Amino acid sequence: MARLVGNMRESEGRENNTEISDLVHKGLSVLHFLLLDLFARWGRVEVRRIENKINRQVTFSKRKVGLLKKACELSVLCDVELSLIIFSSRGKLFDFSTASRGCDVLILDTRLGSAENQARVKELLHVEESKLEEDEGDSRAILIHQLSKKHTQNPFKKLHGLPIAAVFHPTRSIFFISTKNHVRVYDLLKQKLIKKLETGLCEVSSIAIHPSGDNVIVGSKEGKMCWFDMDLSSKPYRTLKTHPKDITNVTFHRLYPLFASSSEDCTAYVFHGMVYSDLNQNPFIVPLEILRGHNSSNDRGVLDCKFHPRQPWLFTAGADSVIKLYCH
């Protein structure tokens, strides 16, 4: 009898403990649901235009940085080429690009294509017919197109000589203009001349800027190539006699310490050009390879050469209507 009473009490105790545990679990579940709902309400932001001007500007600045960071992470994680363009309410341009780091987006008015395409190009460049007619008579004009404001300007109205090539500095607001014998360096913000490079060449044909921005190579129509270290002097650090005929183009690689030149002699030369962060150490230049393979057409050879943006590959375009890729 005592055992029976003990068993009954034990079973009743177990049932009570089970009921209490069930109630505790139900209470925790309800509390968890209420907390999740509360946090969701706290974190929920209504997407609409921010009326306060200061808060709107602060939100734009913070979210813009986050968006650019996410774009950079996406390009690295997934190995994709990505471009992002943002225009603020004031018309200011913010851009990010993985495929064209250090390069500018260029829109050229080639006067080709349908009438609709030509009208679209003129709209993007904001060039009127009257301006085009005036510029056609001035062969020395260099126009800079500001895409964010769709505005075209001619800041260099007094050029000393016929312009051969013009390139932007990869990171700063500096503009390089090469004429027949000199390379002039302008500050775009101040719109004034800051340096003049004396090439000592008969006629300049092409120019390229190192990704660091402190070194310049200049090709000529006499087959010579000049390397300038802008921190050292306005005269060439080294002059290389490479091609027997005109040099058509010179180019730097964006990532590897390589630069190349192409010529009318149907060849392209590849060089090792190491630039050191130590200002006391001069650039190290070594010729690596002579690339052949194009045929002459109408006394023309290799017309252009470009490096792959990530791989140590060189593309060459010849007058024989052939584009070649050199991988080694």
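Here, every reference points to the structure presented above.
What you are looking at is a predicted structure, and each value in this text was computed from that prediction instead of being measured.

Conventions used here
- Residues numbered from 1 in each chain as written.
- Predicted model: local features only at pLDDT ≥ 70, side-chain atom pairs only at ≥ 80, totals over all residues.
- Heavy atoms only, no water.
- Helix = DSSP H or I, 4+ residues; strand = E, 2+ residues; numbered from the N terminus.
- Buried < 20%, exposed > 50% of the residue type's maximum accessible area, 1.4 Å probe, protein only.
- Contact = heavy atoms within 4.5 Å.
- Areas by Shrake-Rupley, 256 points an atom, 1.4 Å probe, with all protein chains shown as cover.
- Pairing = 2+ DSSP bridges.
- Axes fitted to C-alpha atoms, helices over the stretch in contact; angles between N-to-C directions.
- Core = buried A, V, L, I, M, F, W, Y, C linked by side-chain atoms within 4.5 Å.
- Polar contact = N/O pair within 3.5 Å; in protein donor to acceptor, adjacent residues only side chain to side chain.
- Salt bridge = Lys/Arg side-chain N within 4 Å of Asp/Glu carboxyl O.
- Patch = residues over 30% accessible without salt bridge, like charges linked within 9 Å, V, L, I, M, F, W, Y side chains within 5 Å.

Here we look at the overall build of the protein chain
For step 1, the next point in the chain: Each helix and strand in the protein chain was counted, giving 4 helices and 19 strands.
For step 2, the next point in the chain: The proportion of buried residues among the 328 residues of the protein chain is 30%.
For step 3, the next point in the chain: Partitioning the contacts of the protein chain with sequence separation of at least 6, the portion at a separation of at least 24 is 38%.
For step 4, the next point in the chain: Counting only carbon and sulfur atoms, one obtains 55% of the accessible surface of the protein chain, whose full area is about 21,800 Å².

Looking at the sheet that holds strand β19 (residues 323–326)
Sheet strands associate in pairs through backbone hydrogen bonding, adopting either a parallel or an antiparallel arrangement.
For step 1, the next point in the chain: One open sheet accounts for 3 strands, arranged β17-β18-β19; its pairing is antiparallel. Strands with a single pairing partner mark the edges of an open sheet, and in this sheet they are β17 (302–307) and β19. Between one strand axis and the next, the sheet turns through 20° on average, direction left out of account.
For step 2, the next point in the chain: Pairing analysis gives 5 bridges linking β17 to strand β18 (residues 314–318), with the strands arranged antiparallel.

What about the environment of Leu314?
For step 1, the next point in the chain: By the secondary structure assignment, Leu314 is in strand β18.
For step 2, the next point in the chain: For the pair Leu314 and Tyr326, spaced 12 residues apart in the sequence, the C-alpha separation amounts to 5.2 Å.
For step 3, the next point in the chain: In this structure, Leu314 is in contact with Ala260, Ala268, Val270, Leu291, Cys305, Lys306, Phe307, Lys324, Leu325 and Tyr326, ignoring residues within four places of it in sequence.

Quick word on the nonpolar core
For step 1, the next point in the chain: Counting 15 residues, the largest nonpolar core has Phe176, Val183, Ile207, Val216, Val218 and Phe228 as its most contacted members.
For step 2, the next point in the chain: Secondary-structure elements contributing two or more residues to this core are β6 (174–178), β7 (182–187), β9 (204–209), β10 (215–220) and β11 (224–229).
For step 3, the next point in the chain: In terms of residues, this core owes the most to one element, β9, which gives 3 residues.
For step 4, the next point in the chain: Dropping the residues within four chain positions of it, Val183 is found in contact with Phe176, Ile177, Ser178, Lys195, Lys196, Leu197, Thr199, Ile207 and Val218.

A word on the side chain of Glu264
For step 1, the next point in the chain: Relative to the helices and strands, Glu264 resides in the loop between β14 (258–263) and β15 (267–274).
For step 2, the next point in the chain: Side-chain polar atoms of Glu264 contact the side chain of Arg300, separated by 2.6 Å.
For step 3, the next point in the chain: There is a polar contact of 2.8 Å between the side chain of Glu264 and the backbone nitrogen of Gly301.
For step 4, the next point in the chain: When sequence neighbours within four positions are dropped, the list of residues in contact with Glu264 reads Lys245, Asp246, Thr248, Asp299, Arg300, Gly301 and Val302.

Structural notes on the sheet that holds β9
For step 1, the next point in the chain: In spatial order, the strands read β9-β10-β11-β12; together these 4 strands make up an open sheet with antiparallel pairing. Of all strands in the sheet, those bounded by a partner on one side alone are β9 and β12 (238–241). Ignoring which end each strand starts from, the neighbouring axes of this sheet average 20° apart.
For step 2, the next point in the chain: By the bridge criterion, 5 bridges tie β9 to β10 in an arrangement that is antiparallel. Bridging across to β10, Val204 finds its partner in Ser220.

Concerning the pattern of salt bridges
For step 1, the next point in the chain: Counted under the stated rule, the structure contains 6 salt bridges.
For step 2, the next point in the chain: The closest approach of N and O atoms between Glu51 and Arg49, which form a salt bridge, is 3.3 Å.
For step 3, the next point in the chain: Using a relative accessible area of 57% as the deciding quantity, one classes Glu51 as exposed.
For step 4, the next point in the chain: Residue class for Arg49 comes out exposed when judged on its relative accessible area of 52%.
For step 5, the next point in the chain: Lys245 is paired through a salt bridge with Asp299; the nearest N and O atoms lie 3.5 Å apart. Taken together, the residues span a long stretch of sequence, with Lys245 in the loop between β12 and β13 (247–252) and Asp299 in the loop between β16 (284–292) and β17 at a distance of 54 residues.
For step 6, the next point in the chain: The exposure class of Asp299 is exposed, given its relative accessible area of 56%.

A short note on a nonpolar patch on the surface
For step 1, the next point in the chain: A cluster of nonpolar side chains, contributed by Ile85, Phe87 and Leu93, occupies part of the molecular surface with about 290 Å² of accessible area.
For step 2, the next point in the chain: Along the chain, the position of Ile85 falls in strand β1 (residues 83–87).
For step 3, the next point in the chain: Ile85 gets classed as exposed once you look at its relative accessible area, which sits at 56%.

Brief notes about the pairing of strand β5 (residues 165–168)
For step 1, the next point in the chain: As paired strands, β5 and β6 are joined by 4 bridges and run antiparallel to one another. Along β6, the bridge assignment pairs Ala166 with Ile177.
For step 2, the next point in the chain: Counted between consecutive antiparallel strands, the loop separating β5 from β6 contains 5 residues.

Some remarks on the environment of Glu198
For step 1, the next point in the chain: The residue Glu198 is located in strand β8 (residues 192–198) in this model.
For step 2, the next point in the chain: In sequence terms Glu198 and Lys235 are 37 residues apart; their C-alpha atoms lie 5.3 Å from each other.
For step 3, the next point in the chain: With residues up to four places along the chain from it excluded, the contact list for Glu198 reads His182, Phe228, Ser234, Lys235 and Pro236.

Any functional reading would require information beyond the geometric quantities listed.
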